[in-house]
Amino acid sequence: AANGLAATRFADHVAQGTEAFDAMGGPALDVGRGPDRSHVAPAVIGASLGGLLALAVAAQRSSAQPSALPSAIVLVNPLPPSPLAANLPPFAVDG
């Protein structure tokens, strides 16, 4: 956010991620050469909080422009959204 990291909210990260996704080719990228050329949309990938961000970027694209969906969404141990995160069991560390 313009006011620095402390003022940056999740919505700011979603807006930045969506902007980056759109800059990578929007709905699709040309892959290959000649007759084997195909049109493939970029994928979104995230781990932990980045997994929640990747899911939010994909949702943003699907609601704004369904033809601009990612070709894949890869979520590695994604953090669940706020209402669900409060109900997670406590994390235990063994010894």
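Residues numbered from 1 in each chain as written. Predicted model: local features only at pLDDT ≥ 70, side-chain atom pairs only at ≥ 80, totals over all residues. Heavy atoms only, no water.

Enquirer: Lay out the overall build of the protein with the relevant residues and their values.
Expert: If you tally the helices and strands in the protein, you get 3 helices and 4 strands. Moving toward the C terminus, one meets the helices and strands of the protein in the order α-β-β-β-α-β-α. Burial analysis of the protein (95 residues in total) assigns 19% to the buried set. Within the protein, contacts between residues separated by at least 24 positions form 58% of all contacts whose residues are at least 6 apart in sequence. With the model as given, the accessible surface of the protein reaches about 6600 Å², and the carbon-plus-sulfur share is 61%. (Helix = DSSP H or I, 4+ residues; strand = E, 2+ residues; numbered from the N terminus. Buried < 20%, exposed > 50% of the residue type's maximum accessible area, 1.4 Å probe, protein only. Contact = heavy atoms within 4.5 Å. Areas by Shrake-Rupley, 256 points an atom, 1.4 Å probe, with all protein chains shown as cover.)

Enquirer: Can you lay out the nonpolar core for me, pointing to particular residues and giving the numbers?
Expert: Formed by Phe 21, Val 44, Ala 54, Val 57 and Ala 58, the largest nonpolar core amounts to 5 residues. Per-element accounting of this core gives the leading share, 3 residues, to helix α2 (residues 49-64). Dropping the residues within four chain positions of it, Ala 58 is found in contact with Val 44, Leu 69, Pro 70 and Ile 73. (Core = buried A, V, L, I, M, F, W, Y, C linked by side-chain atoms within 4.5 Å.)

Enquirer: How would you sum up the pattern of salt bridges? Please name residues and give values.
Expert: For the structure shown, the criterion picks out 1 salt bridge. Across the salt bridge formed by Asp 22 and Arg 61, the nearest N and O atoms sit 2.9 Å from each other. Separated by 39 residues along the polypeptide, Asp 22 in helix α1 (residues 10-23) and Arg 61 in helix α2 bring together distant segments of the chain. Given the relative accessible area of 33%, Asp 22 is considered partly exposed. In this structure Arg 61 comes out as buried when scored by relative accessible area, which is 8%. (Salt bridge = Lys/Arg side-chain N within 4 Å of Asp/Glu carboxyl O.)

Enquirer: I'd like a description of α1, backed by residues and values.
Expert: Taking 1.5 Å per residue, 14 residues should reach 20 Å; α1 reaches 20 Å between its end C-alpha atoms and fits that length. Those residues of α1 lying buried are Val 14, Thr 18 and Phe 21. Down the axis of α1, the smallest arc covering the buried residues is 60°, so these residues share one side. Residues of α1 that are exposed and point over 90 degrees away from its buried face: Glu 19 and Ala 23. (Expected span 1.5 Å × (residues − 1). Arc of directions from axis to C-beta.)

By themselves, these observations are geometric and do not establish any function.
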